[in-house]
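Spelled out from the first residue to the last, the chains are:
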Amino acid sequence: MNQLARRLGVPDAVVIGLGSMLGAGVFVVFGPAVAAAGGGGLLPALGLAGFVAFCNATSSARLAARYPESGGTYVYGRERLGPFAGFLAGWGFVVGKTASCAAMALTVGAYLWPGQARLVAVGAVLAVTAVNLRGIGKTATVTRALVALVLAVLALVAVVGLVGGPVHLDRLGEPGGSARGVLTAAGLLFFAFAGYARIATLGEEVRDPQRTIPRAVPLALGVVLVIYLVLAVVTLGVLGADRLADSAAPLVDVVTAAGLPGLAWVVRAGATIAVVGVLLSLVAGVGRTTLAMARRRDLPGALAAVHPVHQVPRRAELAVAGVVIVVVLLGDVRDAIGFSSCTVLVYYAITNAAALTLGRDPDRRLPVRVLAGLGLFGCLLLAVNLPLSSVIAGFGVLALGAVWYAARTSRP
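Being a predicted model, the structure only gives us computed values, none of them experimental.

## What about the overall build of the protein?
Across its full length, the protein carries 17 helices and zero strands. Relative to its full complement of 412 residues, the protein shows a buried share of 60%. Sequence separation of 24 or more characterises 83% of the internal contacts of the protein that already satisfy a separation of 6 or more. Just so you have it, the protein exposes about 15200 Å², and 66% of that area is on carbon and sulfur atoms.

Now the structure itself:
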């Protein structure tokens, strides 16, 4: 058995998209973004990251409706641009998101038990894998509860900041960094958006995908963009650029600066819950892309099996969990954000390139081909303007994948 069951409607798909985005990014990424772009550059960078994400989401939704099966851009690239483009997208997604899984797990450990962060991280990976192995319905149910808790915590931070901050709106207009700094910040902020297309990677499990996916992806992205804009204004307005740039936990610092340090533990708990939610959906998404690649023998064929009862890619998810645990034990959290952003931006560049081949869509009012072109350009622009170490590592791993693909396909 190698087919998945269609169990997700629009609400479930939106929840999984929200759970994929409302994670560690919103709790940590404003700091490095302000450090790169300055106070005045934060909102332009956030708007740019959101616009690129919207272009990507539009392209992803169109392609997912046309090809409603697991794998996301790995499938779209193969179908529209050729096997190598599909492989490169799938390789970048699996490698980059595996690093993201490890970063999320290590973040859980850092919040819950800093002295034993790696041990807690391994436990978190095992726990979310156990949930995912019970079926995508269980994943959506757990994610719904996690999203509700995270939204409550984020609303608490916004209200506390607005009421007791105070929020100095003049800080939003402080001199920013260079144009390069804004692009770097936008690339880093993109990490906080990457997740909306998790709905597309689960396309084989969505009911009525031609209707559900084009509605769920932009809806989830729009909700998250509004939340991020509010929190960006609050954090920068309360803390100021210098303090925000140095902050490892800006939302905790907001409630502390507002005179309510006793609420810091609530925010830390919310961050932990958010990260677990992201990790839950990440492992599910990477497992589905691994399944799709294994079906076409771009990864070992044994990983293509689907569990006959729970109808999940059991072997693929166990393999992903195993690799994540190895990275957790050996890797570092800080480098993962830039590395993941680089590989995932290339992944979405291929998404937009594939969407350009679909032609015009007379049923849509949006200029979808223009958005796909802008998304392609924007992804590549943000990718090459990330920190140099992230660019070298990201493109280096993609090059290694390309060499392996060439070697495999050249064999008789």
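Next comes the rest of the write-up.
## Quick word on the packing of helix 3 (residues 30–37) against helix 9 (residues 179–193)
Running from amino to carboxyl end, helix 3 crosses helix 9 at an angle of 165°, the nearest separation of the two axes being 7 Å. It follows from the interaxial angle that helix 3 and helix 9 lie roughly antiparallel. Crossing handedness for the pair helix 3 and helix 9: right-handed. Counted together, Phe30, Pro32, Ala33, Ala36 and Ala37 of helix 3 and Gly181, Val182, Thr184, Ala185, Leu188 and Leu189 of helix 9 form the full contact between these two elements. Of the residues belonging to the contact of helix 3 with helix 9, the class tally is nine nonpolar, two polar and no charged.

## Details of the pattern of salt bridges
Inspection of the entire model under this criterion finds two salt bridges. For Asp298, the salt bridge is made with Arg78, and the minimal N-O distance between the two is 3.4 Å. Highlighted residues: Asp298 in the loop between helix 13 (264–295) and helix 14 (314–330) and Arg78 in helix 5 (residues 73–80), separated in sequence by 220 residues. Using a relative accessible area of 1% as the deciding quantity, one classes Asp298 as buried. With a shortest N-O distance of 2.4 Å, Arg408 and Asp298 are connected by a salt bridge. Of this pair, Arg408 sits in helix 17 (residues 388–410) while Asp298 sits in the loop between helix 13 and helix 14, placing them 110 residues apart in sequence. Put simply, Arg78, Asp298 and Arg408 are held in one network by salt bridges that share partners.

Conventions and cut-offs
- Residues numbered from 1 in each chain as written.
- Predicted model: local features only at pLDDT ≥ 70, side-chain atom pairs only at ≥ 80, totals over all residues.
- Heavy atoms only, no water.
- Helix = DSSP H or I, 4+ residues; strand = E, 2+ residues; numbered from the N terminus.
- Buried < 20%, exposed > 50% of the residue type's maximum accessible area, 1.4 Å probe, protein only.
- Contact = heavy atoms within 4.5 Å.
- Areas by Shrake-Rupley, 256 points an atom, 1.4 Å probe, with all protein chains shown as cover.
- Axes fitted to C-alpha atoms, helices over the stretch in contact; angles between N-to-C directions.
- Parallel < 35°, antiparallel > 145°, perpendicular 65-115°, else oblique.
- Left-handed = near helix turned anticlockwise from the far one by under 90°.
- Nonpolar A, V, L, I, M, F, W, Y, C, P; charged D, E, K, R; others polar.
- Salt bridge = Lys/Arg side-chain N within 4 Å of Asp/Glu carboxyl O.

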